[in-house]
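Structural overview
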Amino acid sequence: MRSSPNRLIAVIFGAVYIVVGALGFAVTGGVSFLATQGGMLLGIFMVNPLHNVAHLLIGAALLAAGLASTRAAKGVNTVVGAAYLLLGIVGFFLVGTAANILALNTFDHFLHLASALLLLAVGLGVERGASREAMA
Amino acid sequence: MLRSWPALLAWGAGLIHLAIGAAVARADGDGNAIMLLTPMLVVGAAEIAWGVAVLRAGRIRGGRAAAVGAIIAVLMGAVALVGGAPVIAVGTSSALAIASGAMAARMREAGVARTGKGEEPVRASRSRAAGVAVGALLVAALAMPGLAQTDAATNGDPHDHGVGADLPLVDPHAHH
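This text gives an overview of the structure that appears in the document. Worth saying up front: this structure is predicted, and the values here are computed from it rather than measured.

1. Overview of the overall build of chain A
A count of helical and extended segments in chain A gives five helices and two strands. Helices and strands in chain A line up, N terminus first, as α-β-β-α-α-α-α. Seen along its three principal axes, the alpha-carbon backbone of chain A occupies a region of about 50 × 30 × 20 Å. Burial status across chain A gives 54% buried among its 136 residues. A sequence separation of at least 24 residues applies to 70% of the contacts in chain A between residues at least 6 apart.

Shown next, in the form of structure tokens:
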């Protein structure tokens, strides 16, 4: 696993997102599931219960893929990275509106975009032969 | 090691251009603002799409066109600046776009771009992976301050007091 950048990144990010998702529930007591104003995680990241669940699911997907195979890690890194990039961009238009059902704030966008850059870059740009090898 | 950096730098520039252009959603039918901001959205989307294409292909695509595109992005940034876009955001996106275009053109000329075929030696693969990771972190660190100055970011800040909603392009705190 250590020889594959995709698997390494998937496992690290997966573990971090699972921890973040679990910690999120500690600050969202009394916050409704789709609230546009949630609790503050670490004092800067705004989360609501839906956001926490999303973190847990994404973390589990990354961790499972990273532990499974290079091909799986590459695929999940790319998909999650693309989703985060899309979320970060769409987030620019959602801020301050009722459609902000993930209770995203500025620091959330920054974290999502930084994650997107790394996951997508590693998923798309590293081990490009992994899929072909797995198919052969 | 630096082969993927033009794509990553283009992503950084593209994200900032999209964030600047996102103020169009709050332009409230202001024709001038829409005319200034919509091209920024197009440029931002093009930069991100080009970055994806380069990373997927494993080689520089359209190196000369990328350099020309970077110059166009800088000129459009200057126009947006006149319209009141945040200086740090425009400056950062311009620097990232120019760096991306210059690296792409240089690599294309130097023939560094790979064909994307055949097996990559393990050592080269590790070096490439390290380059991608370092580049992504560097671009994230460079782009975030620029993003933070945009209207899209300040509208999401509970301490913003809604200033950005009144002036689609201008963040009055950006220059202090």
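2. Focus on the overall build of chain B
In terms of helices and strands, chain B carries seven helices and zero strands. The helix and strand sequence of chain B, counted from the amino end, reads α-α-α-α-α-α-α. Considering only contacts within chain B whose residues lie at least 6 apart along the sequence, 78% involve residues at least 24 apart.

3. Observations regarding helix α1 (residues 5–21) of chain B
An ideal rise of 1.5 Å per residue puts 24 Å on 17 residues; α1 of chain B measures up with 24 Å between its terminal C-alpha atoms. Most of α1 of chain B is tucked away: 17 of the 17 residues are buried.

4. Comments concerning the interface of chain B and chain A
Contacts between the two partners involve 30 residues from chain B and, on the opposite side, 22 residues from chain A. Sorting the residues of the side of chain B that touches chain A by element identifies α1, α2 (31–57), α5 (122–148) and α6 (151–154) of chain B as the ones contributing at least two each.

5. Some points on the environment of Val 90 of chain B
Residues and elements named next belong to chain B. One can find Val 90 in helix α4 (residues 87–110). Sequence separation of Val 90 and Ser 100 is 10 residues, and the distance between their C-alpha atoms is 15 Å. Apart from residues lying up to four places away in sequence, Val 90 is in contact with Gly 77, Ala 80, Leu 81 and Ala 85.

6. As for the environment of Asn 52 of chain A
Residues and elements named next belong to chain A. Counting through the fold element by element, Asn 52 comes out in helix α2 (residues 49–68). We classify Asn 52 as buried; it has 26 C-beta atoms within 10 Å. Remark: the alpha-carbon pair of Asn 52 and Gly 88, spanning 36 residues in sequence, is separated by 17 Å. If we ignore the near neighbours within four places in the chain, the residues touching Asn 52 are Gly 21, Gly 24, Phe 25, Thr 28 and Val 47.

7. Some thoughts on helix α4 (residues 106–125) of chain A
Residue and element names in this part refer to chain A. For α4, with 20 residues, the first-to-last C-alpha span of 28 Å sits near the 28 Å given by 1.5 Å per residue. Counting buried positions along α4 gives 18 out of 20 residues, so the element sits mostly inside the fold. Phi for Glu 127, located one or two positions after α4, is positive at around 55 degrees.

8. Quick word on unusual backbone geometry
Residues and elements named next belong to chain A. The backbone of Leu 42 shows a phi angle near 60 degrees, a positive value even though the residue is not glycine. You can see Leu 42 is positioned in the loop between β1 (39–41) and β2 (45–47). For Leu 42, a count of 11 C-beta atoms within 10 Å puts it in the exposed group.

9. With respect to the nonpolar core
The tendency in soluble globular proteins is for nonpolar side chains to be buried as a group. Grouped together as the largest cluster of nonpolar side chains are 91 residues, with contacts concentrated most on Leu 62, Leu 117, Leu 119 and Ala 121 of chain A together with Leu 8 of chain B. Discounting residues that sit within four places of it in the chain, Leu 62 of chain A has contacts with Ala 10, Phe 13, Gly 14, Tyr 17, Val 76 and Val 80 of chain A.

10. Structural notes on the packing of α1 of chain B against α4 of chain B
Residues and elements named next belong to chain B. Following both chains from N to C, one finds α1 and α4 inclined at 150 degrees, their axes separated by 8 Å at the closest point. The pairing of α1 with α4 is recorded here as roughly antiparallel in orientation. Crossing of α1 over α4 shows left-handed handedness. Residues Trp 5, Pro 6, Leu 9, Ala 10, Gly 12, Ala 13, Ile 16, His 17 and Ile 20 of α1 lie in contact with α4, whose contacting residues are Ala 89, Thr 92, Ser 93, Leu 96, Ala 97, Ala 99, Ser 100, Met 103, Ala 104 and Met 107. Residue composition of the contact of α1 with α4, by class: 14 nonpolar, five polar and no charged.

Calculation rules
Residues numbered from 1 in each chain as written. Chains lettered and ligands numbered in written order. Predicted model: local features only at pLDDT ≥ 70, side-chain atom pairs only at ≥ 80, totals over all residues. Helix = DSSP H or I, 4+ residues; strand = E, 2+ residues; numbered from the N terminus. Buried ≥ 20, exposed ≤ 12 C-beta atoms within 10 Å, placed from the backbone. Contact = placed C-beta atoms within 7 Å. Expected span 1.5 Å × (residues − 1). Core = buried A, V, L, I, M, F, W, Y, C linked by C-beta atoms within 7 Å. Axes fitted to C-alpha atoms, helices over the stretch in contact; angles between N-to-C directions. Parallel < 35°, antiparallel > 145°, perpendicular 65-115°, else oblique. Left-handed = near helix turned anticlockwise from the far one by under 90°. Nonpolar A, V, L, I, M, F, W, Y, C, P; charged D, E, K, R; others polar.

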